[in-house]
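# Reading the structure
Here are the chains, one letter per residue:
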Amino acid sequence: MRIALIHALRHSPPPIEAALARLWPEARPMNLLDDSLSADLAREGRLTPAMTGRFLTLARYAAGTGARGILFTCSAFGPCIEAVARDLAPMPVLKPNEAMVEEAVAAGKRIGLLASFAPTLASMPPEFPPGVTLVPCHAEGALAALDAGDGAAHDRLAAEAARHAFAGCDAVALAQFSLARAAGAVAAATGLPVLTTPDSAVRKLRRLLER
């Protein structure tokens, strides 16, 4: 079964591919990457109709290859992904965070939200239902370290940012697919359960397509 994975950060494919290999080895992933999307969003500071059009183009291409479902891994583009879901219904089209949000809500009412891409801290909170208290934290410099090829520094900066940010939280949600590699370090630094977008997303997409 072909699953399309659409990315706006070049670090996103490895963690979702690893999650698929562990949790759904029968799936056949295909990757589409446009890392100019994240750069354009960071520069413009807002989503635009042109960005939505680019998402639709990527998704329609994926559907045309025979993909049975689409998972977006770019968490700052929620409205663009919603437009794709409407366009391709009833094909399962998942936002990167929706499955993790569901698991976070089940974990408790106070959730730490750690992001390495700052715009996500503005775009992601509305995805949580009322009654959940979010404690946002930006792991400043972590994404730049990963861009420079220094994975160890990325994980260290993520753990350091989280260490004192999430007192009283029930769990920590990692807002980027690329942050999943730091899950162990964040768990060790905080002593809290840590949820990652790749694992949660694979579990939900498999449920949707195999039922």
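This text goes with the structure placed above it.
The following paragraphs examine the structure supplied in this document. These numbers come from a predicted model, not from an experiment. (Residues numbered from 1 in each chain as written. Predicted model: local features only at pLDDT ≥ 70, side-chain atom pairs only at ≥ 80, totals over all residues. Heavy atoms only, no water.)

This part takes up the overall build of the protein chain. Within the protein chain, the regular secondary structure consists of 10 helices and 8 strands. Scaling as 2.2 N^0.38, a compact globule of 211 residues should have a C-alpha radius of gyration of about 17 Å, and the protein chain matches this with 16 Å. Overall, the C-alpha framework of the protein chain stretches about 45 × 40 × 35 Å when taken along its three principal axes. For the protein chain, with 211 residues in total, the buried portion stands at 54%. For the protein chain, the exposed surface amounts to about 8,900 Å²; the carbon and sulfur share of it is 55%. Charge separation in the protein chain, taken as the distance between the mean sites of 21 positive and 20 negative side-chain charges, equals 4 Å. (Helix = DSSP H or I, 4+ residues; strand = E, 2+ residues; numbered from the N terminus. Rg over C-alpha atoms; globule rule 2.2 N^0.38 Å. Buried < 20%, exposed > 50% of the residue type's maximum accessible area, 1.4 Å probe, protein only. Areas by Shrake-Rupley, 256 points an atom, 1.4 Å probe, with all protein chains shown as cover. Lys, Arg positive; Asp, Glu negative; His and termini not counted. Charge placed at Lys NZ, Arg CZ, Asp CG, Glu CD.)

Here we come to the sheet that holds strand 4 (residues 93-94). On the basis of which strands lie adjacent, the open sheet formed by 4 strands has the order 2-1-3-4 and parallel pairing. Only two strands of the sheet have a single neighbouring strand rather than two, namely strand 2 (28-33) and strand 4. As paired elements, strand 1 (residues 2-7) and strand 3 (residues 69-72) share 4 bridges and run parallel to each other. Across the sheet, Ala4 pairs through a bridge with Ile70, a residue of strand 3. Packed on one face of the sheet, helix 1 (residues 13-23) meets strand 1, strand 2 and strand 3 and runs near 155 degrees to strand 1. (Pairing = 2+ DSSP bridges. Contact = heavy atoms within 4.5 Å. Axes fitted to C-alpha atoms, helices over the stretch in contact; angles between N-to-C directions.)

With that settled, the discussion passes to the sheet that holds strand 6 (residues 133-138). Paired through their backbone hydrogen bonds, the strands of a sheet run either parallel or antiparallel. The 4 strands are arranged 6-5-7-8 in an open sheet whose pairing can be described as parallel. The open sheet terminates on both sides in strands that have one partner only, identified here as strand 6 and strand 8 (194-196). Pairs of neighbouring strands in the sheet enclose a mean axial angle of 25 degrees, with direction left out of account. Pairing of strand 5 (residues 110-115) with strand 6 involves 6 bridges; the strand directions are parallel. Note on strand 6: the bridge partner recorded for Leu113 is Pro136.

This part covers the environment of Leu143. Relative to the helices and strands, Leu143 is located in helix 7 (residues 142-147). Each residue touching Leu143, except ones within four places of it in the same chain, is listed here: His11, Ser116, Phe117, His154 and Ser178.

Judged by nonpolar contacts, the single largest core of 27 residues is most densely connected at Phe55, Ile70, Phe72, Phe77 and Val84. Ala139, Leu179, Ala182 and Ala183 belong to the second largest nonpolar core, which has 17 residues in total. (Core = buried A, V, L, I, M, F, W, Y, C linked by side-chain atoms within 4.5 Å.)

Quick look at the packing of helix 3 (residues 49-64) against helix 4 (residues 78-88) now. Orientation of helix 3 relative to helix 4, taken along the N-to-C sense of each, is 45 degrees, at an axis distance of 9 Å. Taken as axis vectors, helix 3 and helix 4 run oblique relative to one another. The handedness of the crossing between helix 3 and helix 4 is right-handed. Across the interface between the two elements, Met51, Thr52, Phe55, Leu56, Ala59, Arg60 and Ala63 of helix 3 pack against Cys80, Ile81, Ala83, Val84, Asp87 and Leu88 of helix 4. The class makeup of the residues in the contact of helix 3 with helix 4 is 10 nonpolar, 1 polar and 2 charged. (Parallel < 35°, antiparallel > 145°, perpendicular 65-115°, else oblique. Left-handed = near helix turned anticlockwise from the far one by under 90°. Nonpolar A, V, L, I, M, F, W, Y, C, P; charged D, E, K, R; others polar.)

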